[in-house]
Amino acid sequence: MPLALLALAVGAFGIGTTEFVMMGLLPDVAGDLHISIPAAGHLVSAYALGVVIGAPLLAAVTARMSRRTVLIALMALFVVGNALSAFAPGNGSLLAARFVSGLPHGAFFGVGAVVATNMVPPERKARSVSLMFLGLTVANIAGVPVATLVGQHLGWRATFLGVSVIGLAAIASLAALIPHDHTHASANGLRGELAALRSLPVWLALGTTVAGFGALFAAYSYVTPMLTDSAGFAEADVTVLLALFGVGATAGNLLGGRLADHSLRGTLFGGLAALVVVLGLFPLLMRAEWSAAVAVALLGMAAFITGSPLQLMVMEKAAAAPSLASSANQAAFNLANAGGAWIGGLALAAGFGATSPALAGAALAVLGVGVAAVAYAVDRRRETPSAGRVVTSHLPEESGALHR
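Residues numbered from 1 in each chain as written. Predicted model: local features only at pLDDT ≥ 70, side-chain atom pairs only at ≥ 80, totals over all residues. Heavy atoms only, no water.

(A) Spatial organisation of the nonpolar core. One finds L8, L216, M286 and L299 to be the most contacted residues of the largest nonpolar core, which totals 95 residues. Broken down by element, the residue count for this core peaks at ten residues, all from helix α8 (residues 200-220). With 15 residues, the next largest nonpolar core counts V21, V29, L43 and A88 among its residues. (Core = buried A, V, L, I, M, F, W, Y, C linked by side-chain atoms within 4.5 Å. Buried < 20%, exposed > 50% of the residue type's maximum accessible area, 1.4 Å probe, protein only. Helix = DSSP H or I, 4+ residues; strand = E, 2+ residues; numbered from the N terminus.)

(B) Structural detail: helix α13 (residues 307-317). With eleven of eleven residues buried, α13 is to be regarded as a mostly interior element. The complete set of buried residues in α13 reads G307, S308, P309, L310, Q311, L312, M313, V314, M315, E316 and K317.

(C) Summary view of the packing of aromatic side chains. Overall, the coordinates contain eight aromatic pairs when judged by the stated rule. When the centroid spacing of 5.6 Å and the interplanar angle of 50° are considered together, the rings of F109 and F133 count as tilted. Highlighted residues: F109 in helix α4 (residues 91-118) and F133 in helix α5 (residues 125-154), separated in sequence by 24 residues. A relative accessible area of 0% means that F109 is categorised as buried. Given the relative accessible area of 8%, F133 is considered buried. Aromatic side chains F245 and F304 sit 6.4 Å apart centroid to centroid with 75° between the ring planes, which places their arrangement in the edge-to-face category. Of this pair, F245 sits in helix α10 (residues 238-260) while F304 sits in helix α12 (residues 289-305), and the two are 59 residues apart along the sequence. (Phe/Tyr/Trp six-rings, centres within 6.5 Å; stacked < 30°, edge-to-face > 60°.)

(D) Local environment of the pattern of salt bridges. Under the defined criterion, the tally for this structure stands at three salt bridges. In this structure, the salt-bridge partner of D32 is R157, at a minimum N-O distance of 3.8 Å. Remark: R157 occurs in helix α6 (residues 156-177) and D32 occurs in helix α1 (residues 4-33); sequence separation between them is 125 residues. Among the residues examined, D32 registers a relative accessible area of 40% and is labelled partly exposed. Accessibility expressed as a relative area gives 26% for R157, which makes it partly exposed. (Salt bridge = Lys/Arg side-chain N within 4 Å of Asp/Glu carboxyl O.)

(E) Spatial organisation of the packing of helix α11 (residues 264-285) against α13. Running from N to C, α11 and α13 point in directions that differ by 135°, and their axes come no closer than 9 Å. As judged from the angle between their axes, α11 and α13 are oblique. Read as a crossing pair, α11 and α13 show a hand that is left-handed. Contacts between α11 and α13 pair L264, R265, T267 and L268 from the former with P309, L310, L312, M313, E316 and K317 from the latter. Its residues assigned to classes, the contact of α11 with α13 comprises six nonpolar, one polar and three charged. (Axes fitted to C-alpha atoms, helices over the stretch in contact; angles between N-to-C directions. Parallel < 35°, antiparallel > 145°, perpendicular 65-115°, else oblique. Left-handed = near helix turned anticlockwise from the far one by under 90°. Contact = heavy atoms within 4.5 Å. Nonpolar A, V, L, I, M, F, W, Y, C, P; charged D, E, K, R; others polar.)

(F) View of the environment of G54. Within the secondary structure, G54 is located in helix α2 (residues 37-61). Considered as a pair, G54 and S327 are 273 residues apart in the sequence and their alpha carbons are 8.9 Å apart. Ignoring any residue separated from it by four or fewer positions in sequence, one finds G54 in contact with A59, L103 and A107.

(G) Region of interest: unusual backbone geometry. Even without being glycine, H34 reaches a positive phi, approximately 60°. Of note, H34 is situated in the loop between α1 and α2. By relative accessible area, H34 is classed as exposed at 72%.

(H) How the structure looks around the confidence of the model for the protein. For the protein, per-residue confidence averages 84 on the pLDDT scale, and 90% of positions sit at 70 or higher. Confidence, expressed as mean pLDDT per element, reaches its minimum in the protein at helix α16 (residues 396-402) with 41 and its maximum at helix α3 (residues 67-86) with 94. Confidence over residues 384-404 falls short of pLDDT 50; this stretch has 48 contacts with residues more than four positions distant or in other chains. (pLDDT = per-residue confidence, 0-100.)

(I) Structural view of helix α9 (residues 223-230). Buried within α9 we find V223, M226 and L227. Along α9, the residues classed as buried sweep out an arc of 95° about the axis, all on the same side. On its buried side, α9 packs onto α8, α10, α11, α12 and α15 (356-381). Just downstream of α9 lies G232, where phi reads positive at about 85°. (Arc of directions from axis to C-beta.)

(J) Quick look at the packing of α8 against α15. With their axes 7 Å apart at the nearest point, α8 and α15 run at an angle of 165° to one another. One finds that α8 runs roughly antiparallel with respect to α15. Here α8 runs over α15; the crossing is left-handed. Its residues assigned to classes, the contact of α8 with α15 shows 17 nonpolar, five polar and one charged.

(K) Fine view of a nonpolar patch on the surface. A cluster of nonpolar residues, L49, I53, L57 and V61, forms a patch on the protein surface that exposes about 350 Å² of accessible area. Inspection of the secondary structure assignment puts L49 in helix α2. (Patch = residues over 30% accessible without salt bridge, like charges linked within 9 Å, V, L, I, M, F, W, Y side chains within 5 Å. Areas by Shrake-Rupley, 256 points an atom, 1.4 Å probe, with all protein chains shown as cover.)

(L) A look at the environment of R98. The residue R98 is located in helix α4 in this model. Taking relative accessible area as the criterion, R98 reaches 0% and is therefore assigned buried. Taking C-alpha positions, R98 is 6.5 Å from L43, a pair spaced 55 residues apart along the chain. With sequence-adjacent residues up to four places away left out, R98 is seen in contact with T18, E19, M22, L43, A46, Y47, S85 and F160. Here the side chain of R98 touches T18 through a polar contact of 3.0 Å, landing on its backbone oxygen. (Polar contact = N/O pair within 3.5 Å; in protein donor to acceptor, adjacent residues only side chain to side chain.)

Written out as structure tokens, the structure is:
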């Protein structure tokens with residue numbers, strides 16, 4: 001695998017750290033800015049809103065730029081957003097800074113996925129994407145806990161300064177390791193990129209992402225009360241258990257990348273089916289501490305097995321606009337985050353018990369299997385020759401030119 005993938009993983013590590021660290025710093029931020037915890041929670045929503053808006057918008061407006069230049073520019077915007085967060089004088093300015101920090105998130109992963117797949121032979125495309133995503137999953141194991149500790153001992157502003165430094169390291173890595181000849185601009189331009197999104201298979205692939213990862217976040221958003229109220233863990237133990245989720249997510253991400261290079265659809269269906277089973281068993285697994293710990297790790301593994309296959313499937317279905325479609329998939333991921341948390345909250349509010357969000361997630365995972373099945377049927381009806389395989393000739397002039 002090219003060393004350049006390390007540069008993409010460094011950027012992904014920084015993005016993953018800043019996305020999730022706010023959840024652990026909410027009490028510190030709320031106390032320092034003299035606002036309530038629910039009001040501080042809007043800072044999480046502001047970041048997600050930035051991702052949803054920025055992902056397709058920035059991918060579209062940079063369609064004719066060199067992808068190497070785009071990646072560096074996106075990471076520069078990331079540094080600016082986090083630096084503004086560190087020096088924000090009040091809640092309003094911090095909200096704006098978190099929104100700015102979220103803008104480059106989806107486009108970086110979207111464009112980065114295209115660059116990663118264009119640097120490797122066709123039979124290693126899924127693994128290249130999984131190695132880029134490795135930075136995101138490792139952030140949940142190391143980046144977020146360390147950044148949270150820094151914020152608790154040195155102040156939350158120090159955390160965002162530290163994340164800015166990670167962003168600068170990512171810029172240096174991208175400039176040094178991403179080769180110019182692998183990242184030329186798309187020949188289709190903005191109009192061609194937008195036109196490619198009119199395809200039904202593209203929207204079915206995006207719908208699978210929303211349903212599949214909505215299933216994850218319906219449960220994961222409420223995993224702390226499950227662990228404390230049902231499994232009997234002390235609140236102090238939850239941080240370690242969430243690191244187990246990161247370990248499972250990392251293993252699932254790497255496994256999914258390797259399996260998807262052999263069978264894209266098979267890996268996708270297998271991951272979604274595993275997610276249905278794991279979430280369906282959550283009420284039983286949360287009855288004892290040891291099984292609850294296993295359940296958290298399995299949840300991360302089952303969900304992230306589908307990460308690389310979903311990213312590649314969206315790119316395959318929008319072969320003329322891989323950057324925009326890949327970025328749109330990141331927006332879909334964040335919609336899944338918000339929507340899944342909302343649906344899981346409805347189950348809790350209805351009084352169905354602490355583990356009911358997991359069952360709501362299982363229902364969403366079943367929906368994801370259904371959407372994926374419809375997408376497969378549409379492909380069969382259209383007699384698409386690449387159904388069930390990773391992109392080969394579909395990411396066309398770009399990857400073909402690299403291996404001549």
